[in-house]
Amino acid sequence: MNANISYLDGNAAAGELSRIFTVDLTAAEGQCANCGAKRRFADAHLYVDCPGLVARCAMCDHVLLRLVNTAERTFLDLRGMTYLNLSTKQLTLLQDPSL
Amino acid sequence: MSWRTGKIVALRDETSTARTIALVVPDWPGHVAGQHIDIRLTAPDGYSAVRSYSIASPPTSDQRIEITVERLENGEVSPYLTQEVAIGDELELRGPTGGWFVWHVDQTEPIQLIAGGSGIVPLMAMIRSRLASHSNARFRLLYSVREPAAAFYKDELHAISNQGDCVILTYAFTRITPKDWPRAPGRIDAELVSESVWPSHLAPTCYVCGPTSFVEHANELLIAAGINRERIRTERFGSTGERK
Amino acid sequence: MSIISRGFSGRRSADGAKLPPGQHLTSDFPVLSAGPTPSISHDRWEFTIDDGSNVLQRWDWNSFRNLPTETITADLHCVTRWSKLGTPWEGVSLDTLLANVKTDLPFAMFRSYGDYTTNLPLKDVVNKQAWIAFKYDGSDLAPEHGGPARLLVPHLYLWKSAKWVKGVTLMPHDKPGFWEGLGYHMYGDPWREQRYSEE
(Lines give C-alpha, C1' and ligand atoms only; values in the text may rest on other atoms or scores of the structure.)
Protein backbone atom coordinates (compact mmCIF):
# COMPACT_ATOMS: atom_id res chain seq x y z
CA MET A 1 0.00 0.00 0.00
CA ASN A 2 1.64 3.23 -1.06
CA ALA A 3 1.79 6.21 1.24
CA ASN A 4 0.36 8.56 -1.31
CA ILE A 5 -3.34 8.94 -0.55
CA SER A 6 -4.65 11.23 -3.21
CA TYR A 7 -7.21 8.76 -4.52
CA LEU A 8 -10.92 8.36 -3.91
CA ASP A 9 -12.74 5.10 -4.46
CA GLY A 10 -15.16 3.53 -6.91
CA ASN A 11 -18.15 5.12 -5.17
CA ALA A 12 -17.08 8.47 -6.60
CA ALA A 13 -17.33 7.10 -10.14
CA ALA A 14 -20.95 6.07 -9.73
CA GLY A 15 -22.40 9.31 -11.10
CA GLU A 16 -20.17 9.30 -14.19
CA LEU A 17 -20.75 5.62 -14.86
CA SER A 18 -24.50 6.10 -14.50
CA ARG A 19 -24.38 8.09 -17.75
CA ILE A 20 -23.42 4.91 -19.56
CA PHE A 21 -24.66 2.00 -17.50
CA THR A 22 -28.22 1.62 -16.28
CA VAL A 23 -26.80 -0.70 -13.66
CA ASP A 24 -24.92 0.58 -10.61
CA LEU A 25 -21.37 -0.73 -10.85
CA THR A 26 -20.11 0.13 -7.38
CA ALA A 27 -21.59 -3.01 -5.85
CA ALA A 28 -20.26 -5.19 -8.67
CA GLU A 29 -17.35 -7.47 -8.03
CA GLY A 30 -14.58 -7.03 -10.54
CA GLN A 31 -11.51 -9.13 -11.22
CA CYS A 32 -8.25 -7.37 -11.96
CA ALA A 33 -6.85 -8.58 -15.26
CA ASN A 34 -3.34 -8.05 -13.96
CA CYS A 35 -3.18 -9.67 -10.53
CA GLY A 36 -6.48 -11.56 -10.41
CA ALA A 37 -7.71 -9.86 -7.21
CA LYS A 38 -11.48 -9.87 -6.90
CA ARG A 39 -12.88 -6.78 -5.24
CA ARG A 40 -16.00 -4.64 -5.20
CA PHE A 41 -15.67 -1.87 -7.73
CA ALA A 42 -16.45 0.52 -4.83
CA ASP A 43 -13.05 -0.38 -3.35
CA ALA A 44 -11.06 0.49 -6.47
CA HIS A 45 -8.69 3.43 -6.12
CA LEU A 46 -10.14 6.23 -8.16
CA TYR A 47 -8.16 9.10 -9.65
CA VAL A 48 -10.46 11.83 -10.88
CA ASP A 49 -8.09 14.78 -10.83
CA CYS A 50 -6.81 14.26 -14.35
CA PRO A 51 -8.08 14.62 -17.89
CA GLY A 52 -10.24 11.56 -17.35
CA LEU A 53 -11.29 9.09 -14.71
CA VAL A 54 -8.95 6.22 -13.85
CA ALA A 55 -9.83 3.34 -11.52
CA ARG A 56 -6.94 1.20 -10.29
CA CYS A 57 -6.78 -2.12 -8.52
CA ALA A 58 -6.42 -1.58 -4.76
CA MET A 59 -3.98 -4.50 -4.63
CA CYS A 60 -1.61 -3.91 -7.54
CA ASP A 61 -2.45 -0.39 -8.85
CA HIS A 62 -2.99 -1.68 -12.38
CA VAL A 63 -5.56 0.29 -14.37
CA LEU A 64 -9.00 -1.37 -14.15
CA LEU A 65 -11.02 1.20 -16.04
CA ARG A 66 -10.52 4.53 -17.76
CA LEU A 67 -13.17 6.98 -18.89
CA VAL A 68 -12.79 10.16 -20.92
CA ASN A 69 -15.53 12.64 -21.83
CA THR A 70 -14.64 14.65 -24.90
CA ALA A 71 -16.86 17.39 -26.24
CA GLU A 72 -18.98 14.97 -28.18
CA ARG A 73 -18.16 11.44 -27.08
CA THR A 74 -17.36 9.25 -24.12
CA PHE A 75 -14.47 6.78 -24.33
CA LEU A 76 -14.46 3.83 -21.96
CA ASP A 77 -11.61 1.37 -21.53
CA LEU A 78 -12.47 -1.71 -19.48
CA ARG A 79 -9.47 -3.85 -20.47
CA GLY A 80 -8.15 -3.91 -16.93
CA MET A 81 -10.99 -6.10 -15.65
CA THR A 82 -11.57 -9.66 -16.73
CA TYR A 83 -15.16 -9.43 -15.57
CA LEU A 84 -17.75 -7.58 -13.57
CA ASN A 85 -20.20 -9.62 -11.55
CA LEU A 86 -23.39 -8.00 -10.19
CA SER A 87 -26.34 -8.97 -8.05
CA THR A 88 -29.58 -8.28 -9.86
CA LYS A 89 -31.51 -8.58 -6.60
CA GLN A 90 -29.65 -5.64 -5.13
CA LEU A 91 -30.53 -3.62 -8.22
CA THR A 92 -34.22 -4.15 -7.69
CA LEU A 93 -34.06 -2.95 -4.11
CA LEU A 94 -32.37 0.24 -5.22
CA GLN A 95 -34.90 1.04 -7.86
CA ASP A 96 -37.86 0.70 -5.53
CA PRO A 97 -37.21 2.31 -2.17
CA SER A 98 -40.57 1.15 -0.84
CA LEU A 99 -39.30 -2.44 -0.74
CA MET B 1 -29.04 9.45 -15.31
CA SER B 2 -29.64 13.06 -16.23
CA TRP B 3 -29.34 16.37 -14.45
CA ARG B 4 -32.34 17.72 -12.57
CA THR B 5 -32.91 21.00 -10.80
CA GLY B 6 -33.57 21.30 -7.09
CA LYS B 7 -34.68 24.42 -5.28
CA ILE B 8 -33.15 25.41 -1.96
CA VAL B 9 -35.87 25.66 0.67
CA ALA B 10 -33.87 25.79 3.88
CA LEU B 11 -30.36 26.43 5.15
CA ARG B 12 -29.08 25.40 8.55
CA ASP B 13 -25.59 25.88 9.96
CA GLU B 14 -24.24 22.74 11.57
CA THR B 15 -20.91 24.21 12.65
CA SER B 16 -19.02 27.40 11.89
CA THR B 17 -17.87 25.87 8.62
CA ALA B 18 -20.59 23.39 7.67
CA ARG B 19 -24.10 23.98 6.49
CA THR B 20 -27.05 21.76 5.70
CA ILE B 21 -28.90 22.61 2.52
CA ALA B 22 -32.45 21.35 2.06
CA LEU B 23 -33.62 20.97 -1.51
CA VAL B 24 -36.96 20.20 -3.05
CA VAL B 25 -36.41 18.15 -6.19
CA PRO B 26 -39.44 17.62 -8.42
CA ASP B 27 -39.88 13.96 -9.38
CA TRP B 28 -37.26 12.85 -6.86
CA PRO B 29 -37.24 9.05 -7.32
CA GLY B 30 -36.40 8.29 -3.72
CA HIS B 31 -33.07 7.12 -2.35
CA VAL B 32 -31.46 4.71 0.06
CA ALA B 33 -29.37 5.86 3.03
CA GLY B 34 -25.72 6.19 2.00
CA GLN B 35 -26.32 7.38 -1.54
CA HIS B 36 -25.04 10.69 -2.83
CA ILE B 37 -25.80 13.31 -5.43
CA ASP B 38 -23.52 15.15 -7.83
CA ILE B 39 -24.00 18.92 -7.89
CA ARG B 40 -22.98 20.96 -10.92
CA LEU B 41 -22.34 24.69 -10.72
CA THR B 42 -22.06 26.74 -13.90
CA ALA B 43 -20.61 30.25 -14.18
CA PRO B 44 -22.07 32.72 -16.68
CA ASP B 45 -19.15 32.08 -19.07
CA GLY B 46 -19.92 28.37 -19.12
CA TYR B 47 -17.19 27.26 -16.73
CA SER B 48 -18.54 24.45 -14.60
CA ALA B 49 -17.53 22.39 -11.60
CA VAL B 50 -19.06 19.14 -10.35
CA ARG B 51 -18.82 17.81 -6.79
CA SER B 52 -20.41 14.87 -4.97
CA TYR B 53 -22.25 15.24 -1.67
CA SER B 54 -23.79 12.51 0.43
CA ILE B 55 -27.49 12.78 1.14
CA ALA B 56 -27.93 13.44 4.86
CA SER B 57 -31.67 12.89 5.03
CA PRO B 58 -33.30 9.47 5.32
CA PRO B 59 -35.33 7.87 2.53
CA THR B 60 -38.43 9.88 1.92
CA SER B 61 -41.60 9.72 -0.08
CA ASP B 62 -41.69 13.47 -0.45
CA GLN B 63 -39.39 15.45 -2.69
CA ARG B 64 -37.19 17.04 -0.07
CA ILE B 65 -33.60 15.96 0.53
CA GLU B 66 -30.78 17.42 2.57
CA ILE B 67 -27.02 17.53 2.09
CA THR B 68 -24.45 18.84 4.54
CA VAL B 69 -21.50 20.68 3.01
CA GLU B 70 -18.27 21.51 4.80
CA ARG B 71 -16.45 24.61 3.63
CA LEU B 72 -12.91 23.77 2.56
CA GLU B 73 -10.32 26.51 2.73
CA ASN B 74 -9.18 26.16 -0.87
CA GLY B 75 -12.40 24.69 -2.14
CA GLU B 76 -13.95 25.87 -5.32
CA VAL B 77 -17.52 24.76 -4.74
CA SER B 78 -17.89 24.44 -0.98
CA PRO B 79 -17.35 28.16 -0.22
CA TYR B 80 -20.13 28.93 -2.70
CA LEU B 81 -22.51 26.37 -1.21
CA THR B 82 -21.82 27.34 2.39
CA GLN B 83 -21.69 31.11 1.99
CA GLU B 84 -23.29 32.31 -1.23
CA VAL B 85 -26.43 30.32 -1.90
CA ALA B 86 -29.75 31.58 -0.67
CA ILE B 87 -33.20 30.13 -0.16
CA GLY B 88 -34.91 30.09 -3.52
CA ASP B 89 -31.72 29.42 -5.52
CA GLU B 90 -31.67 26.43 -7.80
CA LEU B 91 -28.95 23.80 -7.97
CA GLU B 92 -28.37 21.27 -10.71
CA LEU B 93 -27.98 17.78 -9.39
CA ARG B 94 -27.69 14.20 -10.60
CA GLY B 95 -28.66 11.14 -8.60
CA PRO B 96 -29.20 9.45 -6.29
CA THR B 97 -26.05 7.46 -6.93
CA GLY B 98 -24.39 4.52 -5.28
CA GLY B 99 -25.36 0.92 -4.72
CA TRP B 100 -22.71 -0.43 -2.39
CA PHE B 101 -22.25 2.09 0.39
CA VAL B 102 -25.92 1.88 1.39
CA TRP B 103 -27.92 0.61 4.36
CA HIS B 104 -31.31 -0.95 3.68
CA VAL B 105 -34.00 -1.05 6.32
CA ASP B 106 -34.30 -4.81 5.88
CA GLN B 107 -30.69 -5.42 7.01
CA THR B 108 -30.93 -7.06 10.45
CA GLU B 109 -27.29 -7.53 11.43
CA PRO B 110 -25.47 -5.22 13.88
CA ILE B 111 -24.17 -2.11 12.14
CA GLN B 112 -20.86 -0.40 12.90
CA LEU B 113 -20.52 3.14 11.58
CA ILE B 114 -17.12 4.86 11.63
CA ALA B 115 -16.97 8.50 10.59
CA GLY B 116 -13.99 10.78 10.06
CA GLY B 117 -14.93 14.46 9.95
CA SER B 118 -17.49 15.16 7.25
CA GLY B 119 -17.71 11.40 6.65
CA ILE B 120 -20.53 11.48 9.22
CA VAL B 121 -22.98 12.68 6.57
CA PRO B 122 -23.98 9.42 4.83
CA LEU B 123 -23.79 7.58 8.15
CA MET B 124 -26.24 10.07 9.66
CA ALA B 125 -28.60 9.27 6.80
CA MET B 126 -28.33 5.62 7.83
CA ILE B 127 -29.04 6.44 11.49
CA ARG B 128 -31.99 8.61 10.53
CA SER B 129 -33.25 5.87 8.22
CA ARG B 130 -32.99 3.29 11.02
CA LEU B 131 -34.91 5.48 13.46
CA ALA B 132 -37.65 6.31 10.95
CA SER B 133 -38.24 2.65 10.14
CA HIS B 134 -39.44 -0.48 11.92
CA SER B 135 -35.93 -1.87 11.97
CA ASN B 136 -34.55 -3.30 15.21
CA ALA B 137 -30.98 -3.36 13.94
CA ARG B 138 -28.49 -2.21 16.54
CA PHE B 139 -26.08 0.53 15.53
CA ARG B 140 -22.81 1.74 16.95
CA LEU B 141 -21.19 4.95 15.76
CA LEU B 142 -17.55 5.85 16.27
CA TYR B 143 -17.23 9.51 15.23
CA SER B 144 -13.73 10.91 14.92
CA VAL B 145 -13.51 14.68 14.67
CA ARG B 146 -10.94 17.42 15.39
CA GLU B 147 -12.76 18.95 18.33
CA PRO B 148 -16.29 19.10 19.77
CA ALA B 149 -17.14 22.28 17.86
CA ALA B 150 -16.42 20.52 14.58
CA ALA B 151 -18.98 17.74 15.09
CA PHE B 152 -22.11 17.80 12.95
CA TYR B 153 -25.61 17.01 14.26
CA LYS B 154 -24.45 17.25 17.87
CA ASP B 155 -27.82 17.86 19.48
CA GLU B 156 -29.58 15.24 17.40
CA LEU B 157 -26.92 12.63 18.15
CA HIS B 158 -27.03 13.52 21.83
CA ALA B 159 -30.79 12.99 21.90
CA ILE B 160 -30.50 9.73 20.00
CA SER B 161 -27.84 8.30 22.25
CA ASN B 162 -30.01 9.10 25.28
CA GLN B 163 -32.96 7.23 23.81
CA GLY B 164 -31.99 3.69 24.62
CA ASP B 165 -29.25 1.71 23.00
CA CYS B 166 -30.33 1.36 19.40
CA VAL B 167 -27.49 3.74 18.51
CA ILE B 168 -24.46 3.72 20.80
CA LEU B 169 -22.24 6.72 20.18
CA THR B 170 -18.52 7.10 20.86
CA TYR B 171 -16.63 10.27 20.00
CA ALA B 172 -12.91 10.42 19.28
CA PHE B 173 -11.28 13.85 19.25
CA THR B 174 -8.04 14.23 17.36
CA ARG B 175 -6.88 17.72 18.39
CA ILE B 176 -8.91 19.23 21.24
CA THR B 177 -11.04 17.32 23.73
CA PRO B 178 -13.77 18.55 26.05
CA LYS B 179 -12.75 19.24 29.64
CA ASP B 180 -12.08 16.07 31.67
CA TRP B 181 -12.34 13.84 28.61
CA PRO B 182 -11.03 10.37 29.53
CA ARG B 183 -9.01 9.95 26.35
CA ALA B 184 -6.13 12.17 25.20
CA PRO B 185 -6.54 13.78 21.75
CA GLY B 186 -5.38 11.56 18.91
CA ARG B 187 -6.36 9.37 15.99
CA ILE B 188 -8.53 6.34 16.56
CA ASP B 189 -6.45 3.34 17.55
CA ALA B 190 -6.74 -0.36 18.30
CA GLU B 191 -7.63 0.24 21.93
CA LEU B 192 -10.53 2.52 21.07
CA VAL B 193 -11.72 0.09 18.46
CA SER B 194 -11.70 -2.81 20.92
CA GLU B 195 -13.66 -0.70 23.43
CA SER B 196 -16.28 0.77 21.15
CA VAL B 197 -16.69 -1.30 18.00
CA TRP B 198 -18.96 -4.37 17.70
CA PRO B 199 -16.88 -7.47 18.37
CA SER B 200 -16.10 -9.43 15.23
CA HIS B 201 -17.94 -12.58 16.34
CA LEU B 202 -21.23 -10.67 15.97
CA ALA B 203 -20.43 -10.24 12.27
CA PRO B 204 -21.36 -6.57 12.01
CA THR B 205 -21.53 -4.83 8.68
CA CYS B 206 -19.20 -1.84 8.95
CA TYR B 207 -19.47 1.44 7.08
CA VAL B 208 -16.40 3.68 7.15
CA CYS B 209 -16.49 7.15 5.63
CA GLY B 210 -14.17 10.14 5.65
CA PRO B 211 -10.95 11.40 4.08
CA THR B 212 -8.99 8.69 2.28
CA SER B 213 -6.22 8.54 4.89
CA PHE B 214 -8.78 8.13 7.70
CA VAL B 215 -10.61 5.39 5.84
CA GLU B 216 -7.42 3.43 5.16
CA HIS B 217 -6.43 3.70 8.82
CA ALA B 218 -9.86 2.68 10.14
CA ASN B 219 -10.01 -0.16 7.63
CA GLU B 220 -6.70 -1.56 8.87
CA LEU B 221 -7.87 -1.32 12.49
CA LEU B 222 -11.09 -3.21 11.71
CA ILE B 223 -9.24 -5.97 9.90
CA ALA B 224 -6.75 -6.23 12.75
CA ALA B 225 -9.72 -6.54 15.11
CA GLY B 226 -10.87 -9.58 13.19
CA ILE B 227 -13.63 -8.08 11.06
CA ASN B 228 -13.99 -9.84 7.73
CA ARG B 229 -12.91 -7.62 4.86
CA GLU B 230 -16.09 -8.52 2.99
CA ARG B 231 -18.16 -6.96 5.78
CA ILE B 232 -16.45 -3.58 5.56
CA ARG B 233 -17.83 -0.96 3.19
CA THR B 234 -15.88 2.20 2.66
CA GLU B 235 -16.42 5.58 1.08
CA ARG B 236 -13.45 7.89 0.66
CA PHE B 237 -13.60 11.63 0.45
CA GLY B 238 -10.55 13.48 -0.89
CA SER B 239 -7.71 14.14 1.50
CA THR B 240 -9.16 17.59 1.83
CA GLY B 241 -12.59 16.13 2.51
CA GLU B 242 -14.07 17.16 -0.81
CA ARG B 243 -15.27 14.53 -3.25
CA LYS B 244 -15.04 15.50 -6.87
CA MET C 1 -28.53 23.10 -21.11
CA SER C 2 -27.01 23.90 -17.69
CA ILE C 3 -28.63 26.47 -15.48
CA ILE C 4 -26.37 29.31 -14.44
CA SER C 5 -25.56 29.22 -10.74
CA ARG C 6 -26.21 32.69 -9.35
CA GLY C 7 -22.97 34.30 -8.19
CA PHE C 8 -20.65 31.36 -8.99
CA SER C 9 -17.32 32.01 -10.65
CA GLY C 10 -15.06 29.25 -9.41
CA ARG C 11 -11.49 29.51 -8.26
CA ARG C 12 -10.24 31.66 -11.07
CA SER C 13 -8.41 34.95 -11.33
CA ALA C 14 -10.00 37.68 -13.37
CA ASP C 15 -7.12 38.82 -15.51
CA GLY C 16 -6.76 40.33 -18.93
CA ALA C 17 -3.96 37.96 -20.01
CA LYS C 18 -4.28 36.46 -23.45
CA LEU C 19 -5.01 32.78 -23.08
CA PRO C 20 -5.63 29.96 -25.54
CA PRO C 21 -9.31 29.48 -26.34
CA GLY C 22 -11.40 27.98 -23.54
CA GLN C 23 -8.76 28.43 -20.87
CA HIS C 24 -9.07 30.19 -17.52
CA LEU C 25 -6.30 31.61 -15.40
CA THR C 26 -5.66 29.94 -12.05
CA SER C 27 -3.76 31.28 -9.08
CA ASP C 28 -2.81 27.93 -7.57
CA PHE C 29 -1.06 24.93 -9.11
CA PRO C 30 -3.53 22.07 -9.39
CA VAL C 31 -2.22 18.55 -9.02
CA LEU C 32 -3.76 16.21 -11.54
CA SER C 33 -2.76 12.59 -11.62
CA ALA C 34 -3.89 9.37 -13.24
CA GLY C 35 -2.28 7.24 -10.58
CA PRO C 36 -0.29 7.10 -7.37
CA THR C 37 2.76 9.34 -7.06
CA PRO C 38 5.77 7.15 -7.70
CA SER C 39 8.51 7.29 -5.14
CA ILE C 40 11.81 7.28 -7.00
CA SER C 41 15.05 7.83 -5.18
CA HIS C 42 17.94 9.55 -6.92
CA ASP C 43 20.04 6.42 -6.80
CA ARG C 44 17.35 4.47 -8.62
CA TRP C 45 16.48 7.18 -11.17
CA GLU C 46 17.60 7.00 -14.76
CA PHE C 47 16.64 8.52 -18.08
CA THR C 48 17.14 6.51 -21.25
CA ILE C 49 16.72 7.16 -24.94
CA ASP C 50 16.04 4.07 -27.01
CA ASP C 51 14.86 3.29 -30.52
CA GLY C 52 12.68 0.35 -29.63
CA SER C 53 15.55 -2.12 -29.93
CA ASN C 54 18.65 -0.51 -28.49
CA VAL C 55 19.35 1.91 -25.69
CA LEU C 56 21.06 4.86 -27.35
CA GLN C 57 21.78 6.98 -24.28
CA ARG C 58 21.42 6.55 -20.55
CA TRP C 59 21.96 8.88 -17.63
CA ASP C 60 21.73 8.24 -13.95
CA TRP C 61 20.93 11.10 -11.59
CA ASN C 62 24.54 12.18 -11.16
CA SER C 63 25.44 12.18 -14.83
CA PHE C 64 22.11 13.87 -15.62
CA ARG C 65 22.78 16.63 -13.10
CA ASN C 66 26.22 17.21 -14.56
CA LEU C 67 24.67 18.27 -17.85
CA PRO C 68 24.26 21.99 -18.59
CA THR C 69 20.92 23.32 -17.38
CA GLU C 70 18.67 26.21 -18.32
CA THR C 71 16.10 28.27 -16.55
CA ILE C 72 12.76 28.30 -18.27
CA THR C 73 9.74 30.51 -17.75
CA ALA C 74 6.72 28.71 -19.09
CA ASP C 75 3.01 29.23 -19.51
CA LEU C 76 1.14 26.05 -18.68
CA HIS C 77 -2.15 25.14 -20.31
CA CYS C 78 -3.99 22.13 -18.98
CA VAL C 79 -6.66 20.49 -21.08
CA THR C 80 -8.94 20.63 -18.04
CA ARG C 81 -9.05 24.38 -18.82
CA TRP C 82 -6.79 25.94 -16.25
CA SER C 83 -3.74 27.94 -17.27
CA LYS C 84 -0.87 29.19 -15.16
CA LEU C 85 1.42 31.78 -16.63
CA GLY C 86 5.07 32.57 -16.08
CA THR C 87 6.01 29.44 -14.15
CA PRO C 88 9.71 29.18 -13.28
CA TRP C 89 11.60 25.95 -13.94
CA GLU C 90 15.13 24.65 -14.27
CA GLY C 91 15.93 21.71 -16.50
CA VAL C 92 18.07 20.07 -19.13
CA SER C 93 17.11 20.80 -22.69
CA LEU C 94 16.13 17.87 -24.91
CA ASP C 95 18.56 19.41 -27.42
CA THR C 96 21.34 18.60 -24.93
CA LEU C 97 20.05 15.07 -24.34
CA LEU C 98 19.66 14.36 -28.05
CA ALA C 99 22.94 15.97 -29.04
CA ASN C 100 24.69 12.64 -29.63
CA VAL C 101 21.69 10.77 -30.94
CA LYS C 102 21.65 10.26 -34.69
CA THR C 103 18.22 9.21 -35.79
CA ASP C 104 15.73 9.60 -38.57
CA LEU C 105 12.90 8.26 -36.44
CA PRO C 106 10.40 11.13 -36.44
CA PHE C 107 8.26 10.33 -33.38
CA ALA C 108 8.84 9.95 -29.67
CA MET C 109 7.00 8.20 -26.86
CA PHE C 110 7.93 9.56 -23.44
CA ARG C 111 7.62 7.02 -20.66
CA SER C 112 7.14 7.63 -16.95
CA TYR C 113 7.63 5.70 -13.75
CA GLY C 114 4.19 4.21 -13.18
CA ASP C 115 2.44 3.49 -16.45
CA TYR C 116 2.00 6.89 -18.06
CA THR C 117 3.09 7.55 -21.62
CA THR C 118 2.64 10.39 -24.07
CA ASN C 119 3.60 10.73 -27.73
CA LEU C 120 5.05 13.70 -29.62
CA PRO C 121 6.69 14.41 -32.95
CA LEU C 122 10.43 14.54 -32.33
CA LYS C 123 10.61 17.95 -33.99
CA ASP C 124 8.41 19.32 -31.19
CA VAL C 125 10.92 18.48 -28.49
CA VAL C 126 14.00 19.95 -30.15
CA ASN C 127 15.00 23.54 -30.92
CA LYS C 128 14.47 24.85 -27.42
CA GLN C 129 10.92 23.56 -27.09
CA ALA C 130 11.31 20.90 -24.38
CA TRP C 131 13.22 20.16 -21.20
CA ILE C 132 13.56 17.52 -18.55
CA ALA C 133 12.81 19.77 -15.58
CA PHE C 134 13.95 19.00 -12.04
CA LYS C 135 13.42 22.31 -10.24
CA TYR C 136 10.29 24.42 -9.86
CA ASP C 137 10.43 27.94 -8.46
CA GLY C 138 13.97 27.41 -7.21
CA SER C 139 13.28 24.22 -5.26
CA ASP C 140 13.56 20.57 -6.13
CA LEU C 141 10.51 19.51 -8.08
CA ALA C 142 7.99 18.07 -5.63
CA PRO C 143 6.82 14.49 -6.25
CA GLU C 144 3.19 15.51 -6.73
CA HIS C 145 4.29 17.83 -9.53
CA GLY C 146 6.41 15.17 -11.20
CA GLY C 147 9.63 15.05 -9.20
CA PRO C 148 12.43 13.93 -9.40
CA ALA C 149 12.05 15.08 -13.03
CA ARG C 150 9.34 15.66 -15.58
CA LEU C 151 9.11 16.52 -19.23
CA LEU C 152 8.18 20.13 -19.90
CA VAL C 153 6.78 20.99 -23.34
CA PRO C 154 4.97 24.29 -22.82
CA HIS C 155 3.72 24.79 -26.36
CA LEU C 156 1.40 21.79 -26.04
CA TYR C 157 -1.29 20.95 -23.50
CA LEU C 158 0.15 20.00 -20.14
CA TRP C 159 -0.76 16.31 -20.41
CA LYS C 160 2.18 16.09 -22.85
CA SER C 161 4.56 17.25 -20.09
CA ALA C 162 4.87 13.81 -18.59
CA LYS C 163 5.54 13.71 -14.87
CA TRP C 164 8.02 11.24 -13.36
CA VAL C 165 9.63 10.81 -16.77
CA LYS C 166 12.10 7.95 -17.14
CA GLY C 167 12.85 7.83 -20.83
CA VAL C 168 11.88 8.25 -24.43
CA THR C 169 11.43 5.69 -27.17
CA LEU C 170 11.99 6.93 -30.71
CA MET C 171 9.46 5.56 -33.19
CA PRO C 172 8.97 5.40 -36.96
CA HIS C 173 5.23 6.10 -36.70
CA ASP C 174 3.12 8.12 -34.33
CA LYS C 175 1.43 5.94 -31.71
CA PRO C 176 -0.99 7.12 -29.04
CA GLY C 177 0.09 7.33 -25.42
CA PHE C 178 -2.03 6.98 -22.28
CA TRP C 179 -4.58 9.72 -22.99
CA GLU C 180 -4.13 9.97 -26.74
CA GLY C 181 -5.41 6.42 -26.99
CA LEU C 182 -8.64 7.27 -25.21
CA GLY C 183 -10.04 10.30 -26.99
CA TYR C 184 -7.42 13.00 -26.55
CA HIS C 185 -5.75 14.66 -29.50
CA MET C 186 -2.54 13.12 -30.85
CA TYR C 187 -0.79 16.51 -31.03
CA GLY C 188 -2.52 18.85 -28.55
CA ASP C 189 -1.90 22.47 -29.58
CA PRO C 190 -3.78 24.67 -27.08
CA TRP C 191 -3.82 27.63 -29.47
CA ARG C 192 -5.77 25.60 -32.00
CA GLU C 193 -7.75 24.07 -29.12
CA GLN C 194 -6.75 20.54 -30.09
CA ARG C 195 -8.14 18.84 -26.99
CA TYR C 196 -9.81 15.77 -28.39
CA SER C 197 -9.25 13.33 -31.23
CA GLU C 198 -12.48 14.46 -32.90
CA GLU C 199 -11.02 17.98 -33.38
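Only a predicted model underlies this, so the values are computations on that prediction, with no experimental measurement involved.

## Focus on the overall build of chain B
Point 1. Each helix and strand counted, chain B has five helices and 11 strands in total.
Point 2. In terms of overall dimensions, chain B is globule-like: its C-alpha atoms have a radius of gyration of 18 Å, near the 18 Å expected for 244 residues.
Point 3. Seen through its principal axes, chain B has C-alpha atoms that stretch 55 × 40 × 30 Å.
Point 4. The proportion of buried residues among the 244 residues of chain B is 46%.

## Points about the domain arrangement of chain B
Residue and element names in this part refer to chain B.
Point 1. Taken domain by domain, chain B holds domain 1 (4-97) and domain 2 (111-237).
Point 2. Here domain 1 and domain 2 have C-alpha centroids that lie 24 Å from each other.
Point 3. Listed by partner, the interface residues are 14 residues for domain 1 and 13 residues for domain 2.
Point 4. Looking at the side of domain 1 that touches domain 2, its residues break down into six nonpolar, six polar and two charged.

## Here we look at the environment of L156 of chain C
Residues and elements named next belong to chain C.
Point 1. As for its placement among the helices and strands, L156 is situated in the loop between β10 (150-152) and β11 (165-171).
Point 2. Sequence separation of L156 and V79 is 77 residues, and the distance between their C-alpha atoms is 9.6 Å.
Point 3. Contact partners of L156, with chain neighbours within four places excluded, come to D124, G188 and D189.

## Comments concerning helix α5 (residues 212-224) of chain B
Point 1. Taking 1.5 Å of rise per residue, the 13 residues of α5 of chain B would be expected to cover 18 Å, and the 18 Å separating its terminal C-alpha atoms lies within 8% of that figure.
Point 2. Looking at α5 of chain B, one finds that the buried residues are T212, F214, V215, H217, A218, L221 and L222 of chain B.
Point 3. Structurally, α5 of chain B contributes buried residues whose contacts are with β1 (8-9) of chain A together with β7 (111-116), β8 (139-145), α4 (190-196), β10 (205-211) and β11 (232-237) of chain B.
Point 4. At the C-terminal side of α5 of chain B, G226 of chain B shows a positive phi close to 95°.

## Some thoughts on the interface of chain A and chain C
Point 1. Contact with chain A, which involves 20 residues of that partner, is made by 17 residues of chain C.
Point 2. When contributions to the side of chain A that touches chain C are tallied by element, the ones reaching two or more residues are β5 (53-56), β6 (63-69) and β7 (74-77) of chain A.
Point 3. With three residues, β6 of chain A is the single largest residue contributor to the side of chain A that touches chain C.
Point 4. Residue classes in the side of chain A that touches chain C are distributed as eight nonpolar, five polar and seven charged.

Thresholds, definitions, all that
- Residues numbered from 1 in each chain as written.
- Chains lettered and ligands numbered in written order.
- Predicted model: local features only at pLDDT ≥ 70, side-chain atom pairs only at ≥ 80, totals over all residues.
- Helix = DSSP H or I, 4+ residues; strand = E, 2+ residues; numbered from the N terminus.
- Rg over C-alpha atoms; globule rule 2.2 N^0.38 Å.
- Buried ≥ 20, exposed ≤ 12 C-beta atoms within 10 Å, placed from the backbone.
- Domains from an automatic or database assignment.
- Contact = placed C-beta atoms within 7 Å.
- Nonpolar A, V, L, I, M, F, W, Y, C, P; charged D, E, K, R; others polar.
- Expected span 1.5 Å × (residues − 1).

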